[in-house]
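Fold and geometry: a report
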Amino acid sequence: MSDLLNAVIQGILLGGLYALFATGLSLAFGVMRFVNLAHGDLAILAAYLMLSSSATIGMSPWLALPIVVIGGAAVGYATQRALFNRTLGRDPMPGILVTFGLGIVIQNLLLERYSFTQQRLDVGSIVTESISLPGGISVGLLPLLILVVATVLLVALELVLRFTRFGRALRATADDARTAQLVGIDDRRMYGAAMAIAFGTVAVAGLFVGSRTSFGPAAGPTLLLFGFEAVVIGGLGSLWGTLLGGIVLGVSQTVANELSIGWDLLAGHLAFLAVLLLRPNGILQARS
Amino acid sequence: MSHISIEGLNAGYGQFQALFDLDLEVLAGSRTAIIGANGAGKSTLLRSIVGQVDIRSGSIRIDGRDLGASRTHRRAGAGVALVPEGRHLFATLTVRDNLLVGAHTRRPGPWNLDAVLDTFPLIRPLVGRRADGLSGGEKQAVAIGRALMSNPNVLLLDEVSLGLAPVIVGDLYAAIADVADAGTTVVVVEQDIIQATAFADVVHCLLEGRVVLSGPPGELELDDIRNAYFGVAVS
């Protein structure tokens, strides 16, 4: 019983990582119905950048993180304005093709530069530290930190969306971009801002992905799959739903693995399919 | 003084041309009504002024400044507000947020949340409700309120009365008249000739993308308006 409880707790913690990663996917889809297939590769790219900064100038990934986040946000804004905005329209296919291609470019550049060797970010002793709970359950400090960071980020983002002038403008643009222009909102700029947030949060996810498990240049697509499952399970376009979806996915993976080793990935996909069958709009209804 | 000055406007959507060599002057502080049948180009004319229609040739000036290719959100910032046909509220936003987002341009002026709610008391109890749950009349009031929140110099209203009960239309037009009296230039597009002539001090009748009849409603014969409206030759 305590093994099962332990699996549930570990699953919730794992869900925090999925949710953190999926935040940007959820936001981009919610605001502009944009599907970024390179999202996973961007997380891995961020992890490699932090790896390089620690290998070349000895900068700890923790110190490199703010730089990568801010740089990532700037690149996200520029990419949206220069590239992704040109693909927006009734047809989602141009955006899917462009980001699919971008993902392949990133994967191959990483392969060229870093080879296929599996790497891991060194974030210090936090990786091995844990807190003991009654019943022989121990909670790793790093997974706990990831869940806390994911929750704080999602809550902060939700508060910004709900209560600020910028958030209102972003939600209005998501509802009806043409009418948003009428009240003086530059929709293209809003899309840029949404993608800046998406790239910034995925850089944070990159740090945690790279420190929790080992990674290689081709790790992005698997991550993307989990991220999409988290977004769809929770409900497209809903940030709370994304957190919940990540946790549902994480728990089903760890619990299945506890019952029978090796069943985790399949169980996660089955949970995703079950939600699609029973609640096609996700556990929480989306905003629109 | 002329507030909106349109010269030789040819405009449309893609292959389809809706306006042909259209000239129109709207005086500052005036109440103008654009009338005409379905497809006459009334809505296209308003969408041209806010920059949401392809303009092939001709010019649109506001306060003497050519709008050129400036984008819609900049025109809103310059004080041009459109209440679009079909209201187009932000469906998932509350009434309060719909109104607050109307003030996005931060233009200074007399209009704020309280002033709008005073003008449209029917929406005061609804401020916390999502916009997609409102009735047609409530939505129209919020749509007008949202436009007022930007403290516009020019208020363009497209088909205010469409689909609404006469008593509500009367209330809305009374509020719009107050806005005009406070000095805002108001242009309404209206299919209801009686409503349009009662409100406006200048009426322009559009037929197939051209202005075919203009003048103060008092000087126009109702028969002439009807003929222009339906495309019968005007003597």
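For the structure, check the block above.
Residues numbered from 1 in each chain as written. Chains lettered and ligands numbered in written order. Predicted model: local features only at pLDDT ≥ 70, side-chain atom pairs only at ≥ 80, totals over all residues.

**So, the overall build of chain A**
Scanning chain A from N- to C-terminus turns up eleven helices and two strands. Ordered by position from the N terminus, the helices and strands of chain A form the series α-α-α-α-β-β-α-α-α-α-α-α-α. The principal-axis extent of the C-alpha atoms belonging to chain A is close to 60 × 50 × 35 Å. Relative to its 288 residues, chain A shows a buried fraction of 50%. Summarising the internal contacts of chain A: among those between residues at least 6 apart in sequence, 75% fall at separations of at least 24. (Helix = DSSP H or I, 4+ residues; strand = E, 2+ residues; numbered from the N terminus. Buried ≥ 20, exposed ≤ 12 C-beta atoms within 10 Å, placed from the backbone. Contact = placed C-beta atoms within 7 Å.)

**Describing unusual backbone geometry**
All names here are of chain B. The backbone of D21 shows a phi angle near 40°, a positive value even though the residue is not glycine. For D21, the location among the structural elements is in strand β2 (residues 16-27). Given 13 C-beta atoms within 10 Å, D21 falls into the partly exposed group. You will see that R106, though not glycine, has its phi angle at about 60°, which is positive. Relative to the assigned elements, R106 resides in the loop between α3 (95-102) and α4 (113-119).

**Quick notes on the interface of chain B and chain A**
Between chain B and chain A, the residue contacts involve 21 residues of the former and 17 residues of the latter. At the level of elements, α2 (72-77) and α3 of chain B are the ones that each hand at least two residues to the side of chain B that touches chain A. Of the residues belonging to the side of chain B that touches chain A, the class tally is nine nonpolar, ten polar and two charged. (Nonpolar A, V, L, I, M, F, W, Y, C, P; charged D, E, K, R; others polar.)

**Some words on the sheet that holds strand β3 (residues 31-36) of chain B**
Residues and elements named next belong to chain B. Sheet architecture is open: six strands sit in the order β6-β7-β8-β3-β9-β10, paired in mixed fashion. The open sheet is flanked by β6 (80-83) and β10 (210-215), the only strands paired with a single partner. When strand polarity is set aside, the average angle formed by the axes of neighbouring strands in this sheet is 20°. Across five bridges, strand β9 (residues 202-207) lies against β10 in antiparallel orientation. From the neighbouring strand, L207 faces β10, where its bridge partner is R210. Running at roughly 150° to strand β7 (residues 154-158), helix α1 (residues 42-49) makes contact with β3, β6, β7, β8 (185-190) and β9 of the sheet. (Pairing = 2+ DSSP bridges. Axes fitted to C-alpha atoms, helices over the stretch in contact; angles between N-to-C directions.)

**Thoughts on the pairing of strand β1 (residues 130-133) of chain A**
Residues and elements named next belong to chain A. Where β1 lies against strand β2 (residues 137-140), four bridges are found, and the strand directions are antiparallel. For L133, the partnering residue across the bridge sits in β2 and is I137. Hairpin connection of β1 to β2: three residues between the antiparallel strands, including G135 at a positive phi of 90°.

**Points about the packing of helix α1 (residues 2-32) of chain A against helix α9 (residues 220-234) of chain A**
All names here are of chain A. Between α1 and α9, whose axes approach to 8 Å, the crossing angle comes to 70°. In terms of their interaxial angle, α1 and α9 are classed as roughly perpendicular. Between α1 and α9 lies a crossing of right-handed hand. Taking contact as the criterion, the partners of Y18, A19, F21, A22, L25, S26 and F29 in α1 are, on α9, L223, F226, G227, F228, A230 and V231. Residues that form the contact of α1 with α9 fall into these classes: eleven nonpolar, two polar and no charged. (Parallel < 35°, antiparallel > 145°, perpendicular 65-115°, else oblique. Left-handed = near helix turned anticlockwise from the far one by under 90°.)

**Brief notes about the environment of I261 of chain A**
All names here are of chain A. Tracing the chain through its elements places I261 in the loop between α10 (239-259) and α11 (264-278). What makes I261 exposed here is the crowd of 8 C-beta atoms within 10 Å. For the pair I261 and L97, spaced 164 residues apart in the sequence, the C-alpha separation amounts to 36 Å.

**Quick notes on the environment of I106 of chain A**
Residues and elements named next belong to chain A. Tracing the backbone shows I106 in helix α4 (residues 93-114). Overall, I106 belongs to the partly exposed group, with 19 C-beta atoms counted inside 10 Å. Sequence separation between I106 and L42 is 64 residues, and the spatial gap between their C-alpha atoms is 7.7 Å. In contact with I106, other than residues within four places in its own chain, are A38, D41 and L45.

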